[in-house]
Every structure is written in C-alpha cells, then in structure tokens.
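One-letter residues, chain by chain:
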Amino acid sequence: MHVRCPDRLPEQVYRLILERMAELSPLVQALPPGAALVELKGALRCHGVGADVRRLGEMLRVRTLTRHGVDLRIGIGPTVSVAATASAQVPGPGGVLVVAPDRAAEWLADLPVEALHGIGPKQADVLHDYGIHTVGLLAAVPAQTVQRLLGGRAGRLARDRARGIDPRPVVPRSLPASATVHCSFARHTLDGADVRAALLALVVRLGRTLRRRGQVPQALTLTLTFAGTGRWSRTHRLPEPSAHDDDLRMAAYRLMDAAGLQRGRLTGLSLRGEDLRAADTVAQQITLDDAREARLVAEAAVDRVRDKFGAGVIGPAAIYRAAS
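Residues numbered from 1 in each chain as written. Predicted model: local features only at pLDDT ≥ 70, side-chain atom pairs only at ≥ 80, totals over all residues. Heavy atoms only, no water.

## A look at the overall build of the protein
When helices and strands are counted, the protein shows 13 helices and 11 strands. Seen along its three principal axes, the alpha-carbon backbone of the protein occupies a region of about 65 × 50 × 35 Å. Burial statistics for the protein: of 324 residues in total, 44% are counted as buried. Restricting the contact set of the protein to residue pairs at least 6 apart, pairs at least 24 apart contribute 63%. With an accessible surface of roughly 16,500 Å², the protein has 53% of that area assigned to carbon and sulfur atoms. Looking at the protein, you have 44 positive and 32 negative side-chain charges, and the mean spots of the two groups are 6 Å apart. (Helix = DSSP H or I, 4+ residues; strand = E, 2+ residues; numbered from the N terminus. Buried < 20%, exposed > 50% of the residue type's maximum accessible area, 1.4 Å probe, protein only. Contact = heavy atoms within 4.5 Å. Areas by Shrake-Rupley, 256 points an atom, 1.4 Å probe, with all protein chains shown as cover. Lys, Arg positive; Asp, Glu negative; His and termini not counted. Charge placed at Lys NZ, Arg CZ, Asp CG, Glu CD.)

Structure (structure tokens):
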C-alpha cells in the first residue's frame with residue numbers, strides 16, 4: 001500500500017499519520033515529507049479480513065480523517081511501483097484505489113507514460129519524442145531500445161515497472177526529517193575566502209552524509225552565528241531534490257550571498273538539509289549536460305575513495321588550502 005498525504009503537511013501531523021499506519025501493520029516505510037509504504041500481507045491475517053485489502057485502506061483513511069482531519073490518497077497493488085502509481089491516480093482529495101495482482105499489467109497499459117511511478121518529465125518527453133505515449137507501449141518496446149533512450153539502469157527500471165515488475169520490499173524505517181552539519185571558528189572570522197571554504201566543507205560533509213543514508217533534501221537552511229548573540233538564518237528550496245555536491249554548493253552559496261555580509265564577525269556556520277526524502281522515490285532526470293554527468297561519475301568515485309580510506313583523504317582544493 002502506498003499512501004499520499006496532502007501537500008505541505010506539518011511534520012507533527014505526518015508523524016501522527018505514520019502511527020495510524022503502524023496500527024495496521026508493523027512494516028511501515030516512511031517516505032518524507034508526505035508519503036509512506038505499508039506492507040499488508042501480514043496485516044490481512046492480523047485483522048482477520050481475509051483478502052479484503054480495500055477494507056484496510058478504507059480503515060486507515062477513516063481513522064486519519066476523523067482523528068487528524070487529513071484525507072489520504074491510497075494506492076494498493078502487488079508491487080511498490082504499482083501501488084505508488086495507483087495512489088497518484090486517486091481523484092479528488094482522498095480515496096482508495098486497488099489494483100489486483102492479476103490485472104496490474106492490464107491496468108498500467110492504458111495510463112500515459114508520465115503517470116508511471118519513477119518517470120520524470122524529461123524522461124517522459126524523450127519517450128514522447130519516439131512515439132511512446134502509454135505505459136503499455138513502454139512495456140512492449142525492446143529492453144535495449146528503452147535503455148538507449150533513458151540510459152542503462154533507468155531504462156531497465158522503467159521497462160520493468162511498466163510491466164508490473166518491481167522486487168523492492170517495504171523496509172520498515174522512519175527517516176530523519178533533516179540532517180545538519182556545522183562548524184565553529186577558533187576566532188572571530190570576517191566574510192571572505194575562509195568562510196567560503198568552511199561553507200564548502202559543510203556542503204561536502206552534508207552531501208556525503210545524505211548519499212550514505214540514501215536521502216535527498218528538498219530545501220537547505222543556512223544559519224550564521226555572530227560574535228555576541230546575533231544569528232541569521234534563511235531557507236532555500238531546491239529546484240529538484242538532490243544530494244549532489246554541485247547542487248548543494250550552488251544553493252548554499254546563494255544563501256550566503258543573500259546574507260549580505262560586510263564586516264560581520266562570524267563564530268560559526270550551520271547547514272541543514274530539510275524535508276528529506278528517500279532517494280529511490282525521486283525520479284532520476286536525464287540530462288544532455290555531459291560535464292554534469294562526468295561530475296556525478298567523479299562524485300561517486302570520490303565517495304568510494306572516502307569510504308575506503310577516510311573522509312579527509314580527498315576533496316575540493318579550496319578546503320585544503322584554507323586548512324594549510
């Protein structure tokens with residue numbers, strides 16, 4: 001079962017809804033900021049409702065609506081991607097849509113290709129350019145063709161999910177809603193190269209932490225601490241959820257520029273990733289920017305080096321120049 005909450009749901013309410021889900025099944029996977037997966041196989045036996053998964057979905061919907069005033073869109077299907085696709089097809093503010101296991105491929109086939117869970121706008125545009133407008137057509141295209149259009153891994157996943165194939169299990173977890181890194185200066189520091197280098201070091205630390213967790217932030221918050229009791233904080237929403245260093249660095253620098261520092265004496269910096277989501281729930285957008293693709297490949301290689309030899313063995317030159 002895939003559950004979608006209304007947009008901009010307060011975190012406290014989201015956590016209460018997760019508790020309602022846990023009353024149905026012990027296998028609940030939080031997908032912040034407003035979705036979750038629930039494994040229903042064991043719950044069916046526990047609640048004694050036979051094979052009536054719809055009743056469980058309606059039970060959850062009624063409980064959250066009466067206790068918290070929140071209506072849910074609930075999709076139930078044989079795989080994670082089918083259930084997630086179904087929840088997005090629920091009309092109106094709330095409801096339950098059940099896709100039977102033996103009809104999953106048939107139900108998916110008539111949907112527009114952009115409705116398939118995991119297909120982003122850019123991927124959909126590429127598929128449209130080649131005349132692939134429905135999920136059924138995507139399922140019928142040879143695997144090699146889809147991989148050539150969308151890339152190897154993305155193409156394999158898209159075609160498998162179009163055919164109703166998705167072996168991912170529901171992994172019980174409640175992901176942290178934020179991740180924070182911070183640093184302090186040994187003495188009062190003026191805005192300049194040292195501050196930029198310190199901010200870049202925070203970006204690298206935050207990016208690595210998020211990638212190891214398998215999470216991506218939808219916003220960044222920068223907090224500056226000044227000599228005395230002064231503090232300045234501002235949040236920037238990312239164009240797309242991302243834990244890549246380049247994307248985080250651009251957002252962090254934009255926040256620092258917005259601070260408009262002149263001669264402010266800084267004593268510390270803090271960078272927080274907000275509204276975290278599981279990385280595997282975010283559509284992987286394809287790009288024609290070869291330079292960016294090369295940087296992402298290099299980033300993955302650098303992460304492997306750090307995992308093997310330690311976080312301090314490799315990084316941007318500006319960080320090491322500031323430390324020397």
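## Quick look at the layout of surface pockets
In this model, the second largest pocket occupies a volume close to 400 Å³. Around the second largest pocket sit 22 residues that line it, and Glu 39, Lys 41, Gly 77, Pro 78 and Thr 79 are the ones nearest its centre. Residue assignment for the lining of the second largest pocket shows that the elements contributing at least two residues are β3 (35-38), α2 (41-47) and α4 (80-88). Its residues assigned to classes, the lining of the second largest pocket shows 16 nonpolar, two polar and four charged. (1 Å grid on protein atoms, 1.4 Å probe; cavity = no way out; pocket = protein on both sides within 12 Å on 5 of 7 lines; lining within 4 Å. Points joined across faces, edges and corners; volume = space filled by probe spheres on them. Nonpolar A, V, L, I, M, F, W, Y, C, P; charged D, E, K, R; others polar.)

## Some points on a nonpolar patch on the surface
Together, Phe 309, Val 313 and Ile 314 line one region of the surface with nonpolar side chains, adding up to about 270 Å² of accessible area. Summarising the element assignment, Val 313 is placed in the loop between α12 (290-309) and α13 (317-323). Of the residues examined, Val 313 reaches a relative accessible area of 45% and is grouped as partly exposed. (Patch = residues over 30% accessible without salt bridge, like charges linked within 9 Å, V, L, I, M, F, W, Y side chains within 5 Å. Salt bridge = Lys/Arg side-chain N within 4 Å of Asp/Glu carboxyl O.)

## As for the nonpolar core
Leu 222, Leu 224, Met 256, Leu 266, Leu 269 and Leu 271 are the most contacted members of the largest nonpolar core, which has 31 residues in total. Not counting chain neighbours up to four residues away, the residues in contact with Leu 271 comprise Ala 179, Thr 180, Val 181, Leu 202, Val 203, Leu 206, Leu 220, Thr 221, Leu 222 and Ala 252. Ile 17, Leu 24, Leu 72 and Ile 76 belong to the second-largest nonpolar core, a separate cluster that totals 25 residues. (Core = buried A, V, L, I, M, F, W, Y, C linked by side-chain atoms within 4.5 Å.)

## Focus on the pattern of salt bridges
Counted by the stated rule, this structure contains 18 salt bridges. Across the pair Glu 23 and Arg 20 runs a salt bridge whose closest N-O atoms are separated by 2.9 Å. On the criterion of helical spacing, the pair formed by Glu 23 and Arg 20 is a turn pair, its members being three residues apart in helix α1 (residues 11-24). Arg 168 serves as the salt-bridge partner of Asp 166, at 2.8 Å between the closest nitrogen and oxygen. Note on Arg 168: relative accessible area 24%, which makes it partly exposed. Here the salt bridges do not stand alone but share partners, grouping Arg 211, Asp 245, Glu 299, Asp 303 and Arg 306 into one network.

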